[in-house]
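Here's the letter readout for the chains.
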Amino acid sequence: MNRPRRALLSPGGIAGIILAGLPAAVAGLAVVWTPYSPVAMDFDLRFASSSWHHWLGTDQFGRDEASRLMAGASASMLVALATVTVATFAGSILGALAGYFLGWLDAVLRLVTDSLLAFPGILLAVAIMMALGQTRYGIILALGLAYFPTVFRVVRGHVLSLARREFVEASRAMGNSSAFTIYRHVLPNCRSPLIVLATSMFGWVILAESALSFLGLGVPPPTPTWGNMLAESRAYMDDDALLSILPGLCISAALLGVNLLGDHLRDRFDPRMRDVR
Amino acid sequence: MSAGQKILLELQDLTLGTPGRPILRGVSLAIAPGEFVGVVGESGSGKTMLTRALLGLLPFPVQLLSGSIAFDGHDLTDLSGREWEKIRGARIGMVFQEPMSSLNPALTIATQLAGGLKKHSNLTREEIREKCLAMLRSVGIERAEHCLASYPHQFSGGMRQRIMIASVMLLQPSLLIADEPTTALDTLTQQEVLEIMTGLTRTFGTAVLMISHNLGLVAKYARRVIVLQNGAVVEHGGVQQVLRAPAQNYTRELIAALPARAERAAPPRTAPLLSVRDLVVTHPGGRRLFGRRDSPVNAVDGVSFDVYPEETVAIVGGSGSGKTSLGRAALQLVKSTGGQIRFRGADIAAMSRSEYHRFQLACQMVFQDPYSSMDPGMTVLSIVDEPLRHVPNLSGDERLRRALQVLEEVGLAGFEKRYPHQLSGGQRQRVAIARAIVTRPALLVADEPISALDMTIQKQILLLLNRLQREHKFSILFISHDLGAVEQISDRVIVMRGGRIVEQENRDALFDHPHDSYTRALLAASPHRGLKIETDEWGSRS
């Protein structure tokens, strides 16, 4: 069985790292430095085209588009990352508990998540946002609550089939506690579906945040996110199409990158996939 | 075969595989109409590819490289898809290994049985139905009408395999290919299904090509046998001739792997290690639509027995006899609902936390399926090391040394960095045994530890268990439906049926003078019985 080891990085993995890493690096940079303040208006310079001073031109209020995209990257990424983390942790822990112990715990958790799933995610987020008030953390909580039932479902289903496998029984046979068994044997084997789900969720969250911004319920202006930039520019599509195209491109590129990276990570982490060429 | 006799199927120098990597190499064989030929080979010998080639169903990169397949005077090597469809089912039928997955769960039995007749004949609906009913009755299904309206999940493995045989034989093919048709079934069911299959094929004059890893089974039914190793025919001849005077080492090895009784030193009779009294295990009834539950079933119903130190006690029975529940309940992996279990004289229900912990540490388990009993994400070393976290006062260095030493004992030195998917079935079962003995247990519960393995590997695992038992002096509770294995390894045998013990006896007494009719039926169904072959008891290896 001495197959040649697979190269550390597949072409898809490299593309994923570049496409997802670039916006992440820019987002990091934007926290400390942007060429201009992303909220400083200059009414003499509305809809300026790209120039030496303003690389990507300016928007309807004369704000520097490049600075806004950079700041938007950090806002969008932060919301997406935090939301995905919240949803994944809550969903996978509760899902593993429900799928492993079944019984009344499972019945209660399923009732709750099924009720949450019965609402369209956006509608739910809108309702929660109304209740919580329009802050950045409100969005994270609202979207996290809207998306965790999906994670719960996936993990619970996966754990159901895992718990019947003999290695879980073997773990109990050697005297391991339930908590250790879940932590050591059950959750690690949920990694593949979780990575795929978390990366696609990253995409949904960025889009959902744009949709909320479009409805005026997202991250409150003037703080730029890719979503609310896209929403605001809609009215000026005829004047300056680039204002819509640029944030759109950023969203698409980041999503593609994150998904490629997710596939790559899944293949790397699953020992059964390592020998497959 | 005498000259001039008609030949139904003839393979000449058949070589297939991917270019440069042949799977079958120069296989030649001939089958006369109505003949029963057995092919014996282990996993990886290419026997499954042989059956697929005969049906024109080779999986994508594999192709015929050279040689010919002649069936009833026609060359099968370059048929078009359309022409194959006329042969498959109608002329060559196939019974698959896994009855649980070879029937479509979404269709009624009637639909699945009628499918072939609809395609290959011009019968009316009523005629088809009549034929299906008649065929179901001839495979021993009494409520045939009821069966036609049912779905596959309503039947046991043995019944499904009967239905599978019925569906294939409905078309009265000239050749029936049976690929490990009974490997997934218990001994009694295995015999019933094979009797039905041979009876039906004799009635219709159908030739049979039966493929199995079990030489004993093939020898019981076939007239001629072909031994396949690494894709080449190594032995070919009449069954008796091959068994009595094998020409090849490999065949001798296969014959040596046939179960035979081995001498066992009597274990010292001291106080029992484990005593089970009136044990009851209840399974809640299945939930029906709208929450009503079926009445609960006693899987184990008042069972009492003792296991003494250094002793191997076998628990034997068919599927559903409660033997698996009994083994699980002895380790409290499933909760018992009644009775008492004493370990070294102490009632485990009354044990303190730390005493119970010691009980758990002293009792380890080897599971049936080596493909699912190990966490796929862990290396061999971490799998074997894991139980040691419950052993008190063990430093990291000692843990590592102990794990490596046990791996060496089971013959897997140097495998510690592998993952389970990189190991063969036999190697995985060795890892499972290493994991079970690493804590130096006093009792090993082995639930069908060899039934998923090839015959020669089964023998090796039994030898390994035997040797480890001699060295480490643990007791084994050996749960199996395979009386051959039980005869080799056990000191005492407990026969179970319907959750109760029907007979409990020393091995030699039980095998030589069985009292209960169920025990006698089990013994009669075991393929290794009645094959009188002279071999030294444990083969040459140890």
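Residues numbered from 1 in each chain as written. Chains lettered and ligands numbered in written order. Predicted model: local features only at pLDDT ≥ 70, side-chain atom pairs only at ≥ 80, totals over all residues.

**Focus on the overall build of chain B**
And step 1. The secondary structure content of chain B amounts to 20 helices and 20 strands.
And step 2. Taking 542 residues into account, the globule formula puts the C-alpha radius of gyration at 24 Å, and chain B, at 25 Å, falls close to it.
And step 3. For chain B, the C-alpha atoms occupy an extent of roughly 75 × 55 × 45 Å along the three principal directions.
And step 4. When each of the 542 residues of chain B is scored for burial, the buried share is 46%.
And step 5. If you take every contact in chain B between residues at least 6 apart in sequence, the share linking residues at least 24 apart comes to 72%. (Helix = DSSP H or I, 4+ residues; strand = E, 2+ residues; numbered from the N terminus. Rg over C-alpha atoms; globule rule 2.2 N^0.38 Å. Buried ≥ 20, exposed ≤ 12 C-beta atoms within 10 Å, placed from the backbone. Contact = placed C-beta atoms within 7 Å.)

**Observations concerning the overall build of chain A**
And step 1. Each helix and strand in chain A was counted, giving 11 helices and zero strands.
And step 2. Listing each helix as α and each strand as β along chain A from the N terminus yields α-α-α-α-α-α-α-α-α-α-α.
And step 3. With the C-alpha coordinates aligned to their principal axes, the bounding extent of chain A is approximately 75 × 50 × 30 Å.
And step 4. In chain A, of all internal contacts separated by at least 6 residues, the share reaching a separation of at least 24 is 68%.

**Here we look at the interface of chain A and chain B**
And step 1. Listed per partner, the contact involves 15 residues of chain A and 21 residues of chain B.
And step 2. Breaking the side of chain A that touches chain B down by element, the ones donating at least two residues are helix H6 (166–173) and helix H11 (271–274) of chain A.
And step 3. At six residues, the largest contribution of residues to the side of chain A that touches chain B is made by H6 of chain A.
And step 4. Its residues placed into classes, the side of chain A that touches chain B shows seven nonpolar, three polar and five charged. (Nonpolar A, V, L, I, M, F, W, Y, C, P; charged D, E, K, R; others polar.)

**Topic: the sheet that holds strand S19 (residues 492–497) of chain B**
All names here are of chain B.
And step 1. What the six strands build is an open sheet, ordered S16-S17-S18-S13-S19-S20; its pairing is mixed. Sheet topology places strand S16 (363–366) and strand S20 (500–506) at the edges, where each strand pairs with a single neighbour. Taken pair by pair, the neighbouring strands of this sheet meet at an average axis angle of 15 degrees, ignoring direction. (Pairing = 2+ DSSP bridges. Axes fitted to C-alpha atoms, helices over the stretch in contact; angles between N-to-C directions.)

**Quick look at the nonpolar core**
A general trend in soluble globular proteins is that nonpolar side chains are found buried together.
And step 1. Counting residues in each nonpolar core, the largest one holds 141 residues, and the members touching the most others are Val205 of chain A together with Val316, Ala434, Leu443 and Leu477 of chain B.
And step 2. At 15 residues, helix H2 (residues 65–101) of chain A tops the list of elements feeding residues into this core.
And step 3. Those residues in contact with Val316 of chain B that sit more than four places away from it in its chain are Ser480, His481, Leu483, Val486, Val493, Ile494, Val495, Met496 and Leu522 of chain B.
And step 4. If you look at the next biggest cluster of nonpolar residues, it comprises 80 residues, including Ile23, Phe36, Ile109 and Met455 of chain B. (Core = buried A, V, L, I, M, F, W, Y, C linked by C-beta atoms within 7 Å.)

**What to know about the confidence of the model for chain B**
And step 1. Of all residues in chain B, 95% attain a pLDDT of 70 or more, and the chain-wide mean is 87.
And step 2. Model confidence for the complex is summarised by a pTM of 0.81, with the ipTM given as 0.72. (pLDDT = per-residue confidence, 0-100.)

**Some remarks on the domain arrangement of chain B**
Accessible area lost when the parts come together is the quantity often used to give the size of an interface.
Residues and elements named next belong to chain B.
And step 1. Under the domain assignment used here, chain B contains domain 1 (9–256) and domain 2 (274–283 + 297–377 + 441–525).
And step 2. Measuring from the centre of the C-alpha atoms in domain 1 to the corresponding centre in domain 2 gives 34 Å.
And step 3. Contact residues are listed per partner, giving 13 residues for domain 1 and 11 residues for domain 2.
And step 4. At the level of secondary structure, the elements contributing two or more residues to the side of domain 1 that touches domain 2 comprise helix H8 (187–204) and helix H11 (249–256).
And step 5. Broken down by element, the side of domain 1 that touches domain 2 gets its largest block of residues, five residues, from H8. (Domains from an automatic or database assignment.)

**Thoughts on helix H5 (residues 136–163) of chain A**
And step 1. The end-to-end C-alpha distance of H5 of chain A is 38 Å, a good match for the 40 Å that 28 residues give at a rise of 1.5 Å each.
And step 2. In H5 of chain A, a bend of some 30 degrees at Tyr147 of chain A exceeds every other bend along the element, and Pro149 of chain A, a proline, comes one to four places later. (Expected span 1.5 Å × (residues − 1). Bend = angle between axes of the 7 residues up to and from the residue.)

**Remarks on the environment of Gly327 of chain B**
And step 1. Its place among the elements puts Gly327 of chain B in helix H12 (residues 323–330).
And step 2. Contacts of Gly327 of chain B, omitting those with residues within four sequence positions, involve Ile315, Val445, Asp447, Leu477 and Ile479 of chain B.

**Looking at the packing of H2 of chain A against H5 of chain A**
Residues and elements named next belong to chain A.
And step 1. Two elements in contact, H2 and H5, have axes whose closest approach is 5 Å; the angle formed by their N-to-C orientations is 35 degrees. Helix-helix and strand crossings are classified by hand; for H2 and H5 the assignment is right-handed.
And step 2. Its residues placed into classes, the contact of H2 with H5 shows 20 nonpolar, seven polar and two charged. (Left-handed = near helix turned anticlockwise from the far one by under 90°.)

**Details of the sheet that holds strand S8 (residues 207–212) of chain B**
Strand-to-strand pairing in sheets goes through backbone hydrogen bonds, with the strands running parallel or antiparallel.
Residues and elements named next belong to chain B.
And step 1. One open sheet accounts for six strands, arranged S6-S7-S8-S3-S9-S10; its pairing is mixed. Lying at the two open borders of the sheet, with one neighbouring strand each, are strand S6 (92–95) and strand S10 (232–238). On average, each strand axis in the sheet is inclined to that of its neighbour by 15 degrees, with strand direction left out of account.
And step 2. The pairing of strand S3 (residues 36–40) with strand S9 (residues 224–229) spans four bridges and is parallel. Looking at S9, one finds that Val37 is bridged to Arg224.
And step 3. Strands S3, S6, strand S7 (175–179), S8 and S9 of the sheet are contacted by helix H1 (residues 47–54), whose axis makes an angle of about 150 degrees with S7.

**Observations concerning the confidence of the model for chain A**
All names here are of chain A.
And step 1. The share of residues in chain A with pLDDT of 70 or more is 93%, and the mean pLDDT across the chain is 82.
And step 2. No element of chain A has a lower mean pLDDT than H11, which averages 60, and none a higher one than helix H3 (residues 103–118), which averages 91.
And step 3. When the criterion is pLDDT under 50, residues 1–5 qualifies, and its contacts beyond four places in sequence or with other chains add up to two contacts.

**What about the packing of H2 of chain A against helix H9 (residues 226–233) of chain A?**
Two measures define how a pair of helices packs: the angle their axes make with one another and the distance between the axes.
All names here are of chain A.
And step 1. Where H2 contacts H9, the axes come no closer than 7 Å and their chain directions differ by 130 degrees. Between H2 and H9, the angle falls in the class oblique. In contact with Arg68, Gly72 and Ser76 of H2, H9 contributes Trp226, Gly227 and Met229.
And step 2. Here the contact of H2 with H9 is built from residues that sort into two nonpolar, three polar and one charged. (Parallel < 35°, antiparallel > 145°, perpendicular 65-115°, else oblique.)

**A closer look at the pairing of strand S1 (residues 9–18) of chain B**
Residues and elements named next belong to chain B.
And step 1. Of the pairings in the sheet, the one linking S1 to strand S4 (residues 63–71) comprises seven bridges and is antiparallel in character. Within S4, the position partnered with Leu9 by the bridge is Phe71.
And step 2. The sheet contact formed by S1 and strand S2 (residues 21–31) spans seven bridges and is antiparallel. What sits directly across from Leu14, in S2, is Val27.
And step 3. Between S1 and S2, which pair antiparallel in sequence order, lie two residues; one of them, Gly20, sits at a positive phi of approximately 85 degrees.

**Quick look at the environment of Met94 of chain B**
All names here are of chain B.
And step 1. For Met94, the location among the structural elements is in strand S6.
And step 2. Between the C-alpha atom of Met94 and that of Val168, which follows or precedes it by 74 residues, the distance is 6.7 Å.
And step 3. For Met94, the residues in contact, after removing those within four places along its chain, are Thr51, Leu55, Val168 and Ile177.

**Some points on unusual backbone geometry**
All names here are of chain B.
And step 1. With a phi angle near 45 degrees, Gln172 is a residue other than glycine that sits in the positive phi range.
And step 2. Tracing the sequence through the fold places Gln172 in the loop between helix H7 (157–169) and S7.
And step 3. Of note, the phi angle at Arg440 is positive, near 55 degrees, even though the residue is not glycine.
And step 4. One can find Arg440 in the loop between helix H16 (425–437) and strand S17 (443–447).
And step 5. Assessed through the 14 C-beta atoms surrounding it within 10 Å, Arg440 is described here as partly exposed.

**Some thoughts on the pairing of strand S14 (residues 338–343) of chain B**
Residues and elements named next belong to chain B.
And step 1. Strand direction decides the pairing type here: strand S11 (residues 274–283) and S14, joined by five bridges, are antiparallel. Within the sheet, the bridge partner assigned to Ser275 lies in S14 and is Arg342.
And step 2. The sheet contact formed by S14 and strand S15 (residues 346–347) spans two bridges and is antiparallel. If you follow Arg342 over to S15, its bridge partner there is Asp347.
And step 3. A loop of two residues connects S14 with S15, the two strands running antiparallel in sequence, and Arg344 in this loop sits at a positive phi of about 50 degrees.

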